Amino acid sequence: LALRAALAVPEVRAAACFFATDIHNRGLGAPDPSVPHSIDSLDNLNGEALMVWGNQDTHIPYDDLTTIRNAFRAANANFQWLEFNAAHAFMRDNGGKGRYDPAISHLAWEAAFELFQRRLTFGLVDDGLTRIRAD
């Protein structure tokens, strides 16, 4: 949802996306056929996206992570890409599933906080990193 918001709203300067499932297979619905899927809209990203993944995520095969990363590159998008040796939802301490990793979660949260501080605090001045369209 963070990525969808960043693609739809040009003023979004930063989006932190964790375990963004179904980008690779266009599985998160576009109920309106005139609304393109996220992977087909990455050139609409004006701000910066932080994409955080677990490379043991069974919801997103590793080859599909490569597909997503290549789509960001092809769109010349402003993004950070972090892969951790972790499972899907490694930041959720919901007990019993064995995926939660507090140390890796800490690193992912720190990356998100850094992004928001840099893009939302320091980024209030035009730093040249955000593309604003003149429509």
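Computed from a predicted structure; not experimentally measured.

Enquirer: I tried to follow the environment of T66 on my own but got confused; where do I start?
Expert: With respect to the element layout, T66 can be found in helix α2 (residues 62–74). Separated by 42 residues in the primary sequence, T66 and H24 have C-alpha atoms spaced 9.2 Å apart.

Enquirer: Where do I start with the nonpolar core in this structure?
Expert: One broad rule of soluble globular proteins: the nonpolar side chains tend to lie buried together. Counting residues in hydrophobic clusters, the biggest one holds 21 residues, and the most contacted among them are L3, M51, W53, I68 and F72. Only α1 (2–8), β1 (14–18), β2 (48–54) and α2 provide two or more residues apiece to this core. The element that contributes the greatest number of residues to this core is α2, accounting for four residues. Those residues in contact with M51 that lie beyond four places of it in its chain are L3, C17, A20, I23, F72, Q80, W81 and L82. Membership of the second largest hydrophobic core comes to 15 residues, among which are A14, F19, A89 and L115.

Enquirer: Would you take a moment to explain α2 for this structure?
Expert: Helical periodicity: at 3.6 residues per turn, an α-helix aligns residues three or four positions apart in one direction. Between its first and last C-alpha, α2 extends 19 Å over 13 residues, near the 18 Å set by a 1.5 Å rise per residue. Buried residues along α2 sit in contact with α1, β2 and β3 (79–84). Of the residues flanking the end of α2, it is N76, one or two places downstream, whose phi is positive at about 55°.

Enquirer: Mind showing me how you'd approach the pairing of β2 here?
Expert: Sheet faces and side chains relate simply in a regular strand, where the side chains alternate between the two faces. Most of β2 is tucked away: seven of the seven residues are buried. The side-chain alternation of β2 yields two buried faces, one formed by E48, L50, V52 and G54 and the other by A49, M51 and W53. Pairing of β1 with β2, which is carried by five bridges, proceeds in the parallel orientation. Bridging across to β2, F18 finds its partner in V52.

Enquirer: For this particular structure, what's the right way to read the pattern of salt bridges?
Expert: In a structure, side chains of opposite charge can pair up when their charged atoms sit close to one another. Scanning all chains against the criterion turns up five salt bridges. The partner of R118 in a salt bridge is E48, and the shortest N-O contact between them spans 2.8 Å. In this pair, R118 is assigned in helix α3 (residues 102–121) and E48 in strand β2, connecting sequence segments 70 residues apart. Classification of R118 as partly exposed rests on a relative accessible area of 23%. Taken together, the salt bridges that share partners define one network made up of E48, E114, R118 and R119.

Enquirer: I keep staring at unusual backbone geometry and nothing clicks. Help me out?
Expert: Where the residue is not glycine, phi is negative for most of them; where a peptide bond is considered, it is trans in most cases. With a phi angle near 55°, F19 is a residue other than glycine that sits in the positive phi range. Look at A89: it is not a glycine, yet its phi comes out positive at around 60°. In this structure A89 comes out as buried when scored by relative accessible area, which is 2%.

Enquirer: How should the side chain of D57 be read in this particular structure?
Expert: Along the polypeptide, D57 turns up in the loop between β2 and α2. Buried within the structure, D57 lacks any salt-bridge partner; its nearest side chain of opposite charge belongs to R99, at an N-O separation of 6.6 Å. Polar contacts involving the side chain of D57 include one to the side chain of H88, which spans 2.6 Å.

The rules behind the values
- Residues numbered from 1 in each chain as written.
- Predicted model: local features only at pLDDT ≥ 70, side-chain atom pairs only at ≥ 80, totals over all residues.
- Heavy atoms only, no water.
- Helix = DSSP H or I, 4+ residues; strand = E, 2+ residues; numbered from the N terminus.
- Core = buried A, V, L, I, M, F, W, Y, C linked by side-chain atoms within 4.5 Å.
- Buried < 20%, exposed > 50% of the residue type's maximum accessible area, 1.4 Å probe, protein only.
- Contact = heavy atoms within 4.5 Å.
- Expected span 1.5 Å × (residues − 1).
- Pairing = 2+ DSSP bridges.
- Salt bridge = Lys/Arg side-chain N within 4 Å of Asp/Glu carboxyl O.
- Lys, Arg positive; Asp, Glu negative; His and termini not counted.
- Polar contact = N/O pair within 3.5 Å; in protein donor to acceptor, adjacent residues only side chain to side chain.

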